[in-house]
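Next come the chains, spelled out residue by residue.
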Amino acid sequence: MPHDLFDNLPPDPPTSDGARSSPQERIEWLRQKIRHHDYLYYVKDRPEISDAEYDRLFKELCDLESAHPDLLTADSPTQRVGGMPLAELGKVRHERPMLSLDSIVDPSDVLAFDQRMKRELETDQVEYTVEPKFDGLSVELVYERGRLVRGSTRGDGTTGEDVTINLRTIRSLPLHLRSDSSPPAHLAVRGEVYMKLEDFHALNRAITERGEEAFANPRNAAAGSLRQLDSHITASRPLVITCYEAMAVSAQPPTSHWEELDALADWGLPIPSHRRRCRTIEEVIAFHRETEEVRDDLPYEIDGLVVKVNRRDWQEQLGFKSRSPRWAIAFKFAPRKEITVVQDIVVSVGRTGTLTPVALLRPVEVGGVTISRATLHNADEVARKDIRVGDTVKVERAGDVIPAIAERIPVPGESRSEPFSMPDHCPVCGSAVGREGAYYYCTGQAGCVAQLKGAIEHFASKQALNIEGLGKKTVAQLVDHGLVGSLADLYRLTRDHLMPLEGFAEKSTSLLLEAIQASKTVALDRFLMGLGIRQVGQHIAKVLAREFGSLDAIMNADEARLRSVKEIGPEISASLVSYFREESNRRVIDQLRSLGMVIEERQTSAPAAFLPLAGKTFVFTGGLDRYSRDDAKRLVEQQGGTVTSSVSKHTSFVVAGRDPGSKLDQAHKLTIRVLTEQEFTELVNP
Ligand code: IVH
């Protein structure tokens, strides 16, 4: 039976023209409707309306909230887009310690576990609930009177990091428990945040296209996405969550874990859909075997099952050890591994010139995927594992999707080749190879075709200049035909250059030239990111743009000034200074400018229209206790609003502090909404 969320939905939708409902009623109605469809889509996986219909509801709510910012609340579905970047993640003490689990791989160990349970409980039959062991990162969620008020990472088990605003961006996580299901006044629940495999691959593709380093596995991707200071980044990442333990419930708790999961589901929380109640340990082992067989068909990565004594009173009787409950165990799958031979070790050259040794393997199937290459990361790693051409090795995909060489398998009597050593010269351009610790790099810079191609692809990528049609293949053509030898050359391309290239006709030539032209006006953060300076990705580029406002200010800043900025450490500042000190880099920037490139001295390229204060104008009068004027201005601007100095009929809010001046009178005269400092704080920190 499908649950019907929010039974109290008005049967006949109120219109937005105000004739039949106030904006407040309409906003509330839209929120309930959107929550209902979020639940059907993200939790139940059974949508009832088209994406277009959903988008219409969402846009209407955004518009109404923009027109009535005083009606904006933190639990509105529109607030899932993320909030103001934080300086650091706060600390949260968990209500109960977040324990870990003992784990086993062998079925004989699970039999021993069952024996132990029976012995301690003095019974001859124990029922278990068995569910996936999700491979993500565990979080604690706290709901007060049905509202999500706090979410935190596990941390050291006692204290974790406050990631509430980041968690709010996860669509499958209800910001409200279902009001018609009598949720408890207080609920602390534990769950796992992870990424589905398909989404993980797509994310990694996008990341590598930008020339950034891919995540090694979905778990790292989920952790990296959730533990972000800028929740807009989290919002753009495809995270999902599943809840598997109620830690504290104010109401009478259900008597079994199975029913507890049902209760969580009733309250609107996503719970494991793949779970089984097993009356005997043999049923547990059978479920484990069945699950291992379908493991590769599951849309997400699991590394085993969790077996939990079902009865709550028995759980309490069994209690806890110092780090784990006695009543549960992780019954893991054996890692997926295969044996093969290293046929060659080659060296690939990345966008920033980094040389990476890669093992070419005799193709082998590991857990359903054919593996023929495995990265060896760096020279130290090759030496540590002592991998040489001709060696027999064990390749593993344990939870990880990217295969790794786990170890070398010595073969008695084998004669081995020479140890691998990094080349002295770049395998692509022949320039000398430089070295920083374990990292080797080509010193050829833009003179190295591999680096040049990588730099141009990165410059043109979506997150940077976003030049459509300038992908890997076209870049290779342009460079290989000698048409482009620097970023500036892109803006010197003409129809005559492109038309003779394979795959180019009238239309595609015009489109590419237009896209290149269109990229000439670019936001500062995108341009900075596009330069491909080591350590300067999308986020740091935004931080720099926001702080300095112009490219020249960044180019002229010394290390001390750069390091005075939050989040800019010694490595980033050294990298920036050395990049801009390099004559050839400055020359390319000059050339780009003289070819007509306009680097907008805007603050950020965040989609301003989505920000909560988009279109709102603020005027300040009087002194503020909590903020300097500059801080207050920055807060407004970060959320898409603007600050002006005089009150007019276009002003949305006048913020009146201590001893306000004549602007307050002006506001009253024009009936403009006046906010106290407290109200302002609530508005900018929803
Ligand atoms: S129960 C006191 N259930 O596995 C209860 N944990 O190695 C402890 N995990 O830190 C947790 N799926 O992050 C539980 N269905 C599941 C789980 C699960 C994944 C994680 C959890 C824990 C780790 C232990």
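All of these numbers come straight from a predicted model, not from anything done at the bench. Position numbers for residues start from 1 in each chain and track the written sequence from start to end. Per-residue local features of the predicted model are confined to residues with pLDDT of at least 70, and side-chain atom pairs are confined, for both listing and counting, to 80 or more; whole-chain, interface and lining totals are unaffected and use all residues. Calculated side-chain values reflect all of the structure's heavy atoms, with hydrogen atoms and water omitted.

Visitor: Describe the site of the ligand, with residues and values.
Guide: Here, proximity means that at least one heavy atom of the residue falls within 4 Å of the molecule or strand. In the vicinity of the ligand, the contacting residues are Leu101, Glu131, Pro132, Lys133, Phe134, Ser138, Arg190, Glu192, Tyr244, Val306, Lys308 and Pro325. In the analysis that follows, any N or O atom pair within 3.5 Å is treated as a polar contact, provided that within protein one partner can donate a hydrogen and the other can accept it, and provided that, for residues neighboring in sequence, both atoms belong to side chains. In this structure, Lys133 approaches the ligand through a side-chain N or O atom, which is 3.2 Å from an oxygen atom. Take Arg190: an N or O atom from its side chain is 2.9 Å from an oxygen atom of the ligand. Numbering of helices and strands starts at the N terminus; helices are DSSP runs of H or I of at least 4 residues and strands are runs of E of at least 2. For the shell around the ligand, the elements supplying multiple residues, two or more each, are strand E3 (128-134), strand E7 (186-195) and strand E10 (302-309).

Visitor: Describe the pattern of salt bridges, with residues and values.
Guide: Any carboxyl oxygen of Asp or Glu within 4 Å of a side-chain nitrogen of Lys or Arg constitutes a salt bridge here. Evaluation of the coordinates by the stated rule reveals 36 salt bridges. Residues Arg492 and Asp489 are paired through a salt bridge, measuring 2.6 Å at the closest nitrogen-oxygen approach. Buried, partly exposed and exposed residues are distinguished by accessible area as a fraction of the type maximum, computed with a 1.4 Å probe on protein chains only: under 20%, between the cut-offs, and over 50%, respectively. Note on Arg492: relative accessible area 38%, which makes it partly exposed. Salt-bridge contacts for Asp552 lead to Arg593; the nearest nitrogen and oxygen are separated by 3.3 Å. Pair noted here: Asp552 is in helix H18 (residues 551-556) and Arg593 is in helix H21 (residues 583-594), with a separation of 41 residues, a long-range link.

Visitor: Tell me about unusual backbone geometry, and please be specific about residues and values.
Guide: With a phi close to 45°, Ser182 is a non-glycine residue in the positive phi region. Residue position: Ser182 is located in the loop between helix H4 (164-167) and E7. Residue classification places Ser182 among the exposed residues on the basis of a relative accessible area of 62%. In the Ramachandran plot, Gln535 falls in the positive-phi region, its phi being about 75° despite a non-glycine side chain.

Visitor: Would you mind going over the pairing of strand E15 (residues 392-397) in detail, with residue names and values included?
Guide: Here E15 lies mainly inside the structure; 5 of its 6 residues are buried. Each pair of strands is called paired provided DSSP finds at least two bridges between the two strands. Sheet analysis places strand E12 (residues 336-349) next to E15, joined by 6 bridges and oriented antiparallel. Bridging from a neighbouring strand, Ile339 pairs with Lys394 of E15. Relative to strand E16 (residues 404-408), E15 runs antiparallel, the two being bridged by 4 bridges. When the sheet's bridge partners are listed, Val395 is paired in E16 with Ile405.

Visitor: Go over the side chain of Thr340, please, and point to the residues and values.
Guide: Within the secondary structure, Thr340 is located in strand E12. In terms of polar contacts, Thr340 uses its side chain to reach the backbone carbonyl oxygen of Arg362, at 2.6 Å. The criterion used for residue contact is that any of the two residues' heavy atoms lie within 4.5 Å. Each residue touching Thr340, except ones within four places of it in the same chain, is listed here: Leu361, Arg362, Val364, Asp391, Thr392, Val393 and Val395.

Visitor: Go over the sheet that holds strand E4 (residues 137-144), please, and point to the residues and values.
Guide: Here 4 strands make up an open sheet; going across it, the order is E5-E4-E7-E8 and the pairing antiparallel. The sheet terminates laterally at strand E5 (147-153) and strand E8 (239-249), the two strands that pair on one side only. Sheet twist, expressed as the mean angle between neighbouring strand axes with direction ignored, is 30°. Every axis corresponds to a line fitted to the C-alpha atoms, with the helix fit spanning only the stretch in contact, and the corresponding angles, defined between N-to-C directions, vary from 0 to 180 degrees. Running over the sheet, helix H6 (residues 218-226) touches E4, E5, E7 and E8 and is turned about 125° from E7.

Visitor: Requested: an account of the side chain of His274, with residues and values cited.
Guide: Along the chain, His274 turns up in the loop between helix H8 (257-266) and strand E9 (276-278). A distance of 3.0 Å separates the side chain of His274 from the side chain of Thr291, its partner in a polar contact. Residues within four places of His274 in sequence aside, it is in contact with Val130, Glu131, Pro132, Phe287, Thr291 and Tyr300.

Visitor: Can you break down the nonpolar core residue by residue, with the values?
Guide: Counting 55 residues, the largest nonpolar core has Phe527, Leu544 and Phe580 as the members making the most contacts within it. With 6 residues, the single largest contributor to this core is helix H17 (residues 538-548). Not counting the four nearest positions on each side in its chain, Phe580 is found in contact with Leu528, Leu531, Ile533, Leu551, Ile554, Met555, Arg586 and Ile589. What we call a nonpolar core is a set of buried Ala, Val, Leu, Ile, Met, Phe, Trp, Tyr and Cys residues that are connected through their side-chain atoms within 4.5 Å. In terms of nonpolar packing, the next biggest core, distinct from the first, is built from 35 residues, Tyr143, Ile170, Leu187 and Cys243 among them.

Visitor: Describe the state of the cysteines, with residues and values.
Guide: What counts as a disulfide here is a pair of cysteine sulfur atoms lying within 2.5 Å. Counted under the stated rule, the structure contains 0 disulfides. Cys442 carries a free sulfur, and the closest cysteine sulfur to it, the one in Cys429, is 3.6 Å from it. On the basis of relative accessible area, Cys442 is assigned to the buried category, the value being 2%.

Visitor: Requested: an account of helix H9 (residues 281-294), with residues and values cited.
Guide: Helix span is expected to be 1.5 Å times the residue number reduced by one. Here H9 contains 14 residues, and its C-alpha end-to-end distance of 20 Å stays within 8% of the 20 Å for a straight helix at 1.5 Å per residue. Taken as a whole, H9 has its buried residues at Ile281, Val284, Ile285, Phe287, His288 and Thr291. Along the axis of H9, the buried residues cluster in a sector spanning 160°; they form a single face. Facing away from the buried surface of H9 by more than 90 degrees, the exposed residues are Glu282, Arg289 and Glu293. Lining the buried residues of H9 we find helix H3 (107-121), E3, E9, E10 and strand E11 (328-332). Think of the arc as the fan of directions from the helix axis to the C-beta atoms.

Visitor: Describe the confidence of the model for the chain, listing the residues and the values that go with them.
Guide: Each residue gets a pLDDT score, which is the predictor's confidence in that residue and runs from 0 to 100. Here the chain averages 88 in pLDDT, while 94% of its residues score no lower than 70. Highest mean pLDDT in the chain belongs to E9 (97); lowest belongs to helix H22 (residues 629-638) (82). This model gives residues 1-12 a pLDDT under 50, and the stretch forms 24 contacts once residues within four places in sequence are excluded. Below a pLDDT of 50 lies the segment residues 603-607, which in the model reaches 12 contacts outside its immediate sequence neighbourhood of four places, other chains included.

Visitor: Got a sec to walk through the packing of aromatic side chains? Specific residues and values, please.
Guide: In summary, the pairing rule links any two rings of Phe, Tyr or Trp, Trp by its six-membered ring, whose centres are within 6.5 Å, and it sorts them by plane angle into stacked for under 30 degrees, edge-to-face for over 60 and tilted for everything else. Scanning all chains against the criterion turns up 12 aromatic pairs. An angle of 80° between the planes, with centres 6.2 Å apart, marks the rings of Phe459 and Phe527 as edge-to-face. In this pair, Phe459 sits in helix H12 (residues 449-460) while Phe527 sits in helix H16 (residues 524-530), placing the two residues 68 residues apart along the sequence. The pair Phe459 / Phe527 is uniform in exposure class, with both members buried. Look at Phe620 and Phe680: their rings are 5.4 Å apart centre to centre, the planes differ by 85°, and that puts the pair in the edge-to-face class. Note that Phe620 is positioned in strand E21 (residues 617-621) and Phe680 in helix H24 (residues 677-684), a separation of 60 residues in sequence. The pair formed by Phe620 and Phe680 is uniform in burial state, with each residue classed as buried.

Visitor: Run through the packing of H12 against helix H13 (residues 472-480), naming residues and quoting values.
Guide: Axis separation between H12 and H13 bottoms out at 9 Å; the angle between their running directions is 135°. Regarding the angle of H12 to H13, the classification is oblique. The way H12 lies across H13 gives a crossing that is right-handed. Within the contact between the two elements, H12 uses Val449, Leu452, Lys453, Ile456 and Glu457 and H13 uses Lys472, Val475, Ala476, Val479 and Asp480. Gly is placed with the polar residues, together with every amino acid not listed as nonpolar (Ala, Val, Leu, Ile, Met, Phe, Trp, Tyr, Cys and Pro) or charged (Asp, Glu, Lys and Arg). Counted by class, the contact of H12 with H13 contains 6 nonpolar, no polar and 4 charged residues. For classification, angles of less than 35 degrees are called roughly parallel, those exceeding 145 degrees roughly antiparallel, those between 65 and 115 degrees roughly perpendicular, and all remaining angles oblique. Throughout, a crossing is termed right-handed when the near helix is turned clockwise from the far one, and left-handed when it is turned anticlockwise from it by less than a right angle.

Visitor: Can you break down the sheet that holds E9 residue by residue, with the values?
Guide: Read across the open sheet, the 5 strands follow the order E2-E11-E10-E3-E9; overall the sheet is mixed. Because the sheet does not close on itself, it has two edges, and the strands there are strand E2 (103-104) and E9. One ladder, built from 6 bridges, connects E3 with E10; its direction is antiparallel. By the bridge assignment, Pro132 is partnered in E10 with Leu305. Docked against the sheet, H3 engages E2, E3, E10 and E11, running at close to 170° with respect to E11.

Visitor: Could you give me a rundown of H6, with the residues and numbers involved?
Guide: Listed as buried for H6 are Pro218, Ala221, Ala222, Ser225 and Leu226. Viewed end-on, H6 has its buried residues packed into an arc of 120°, placing them on one side of the element.

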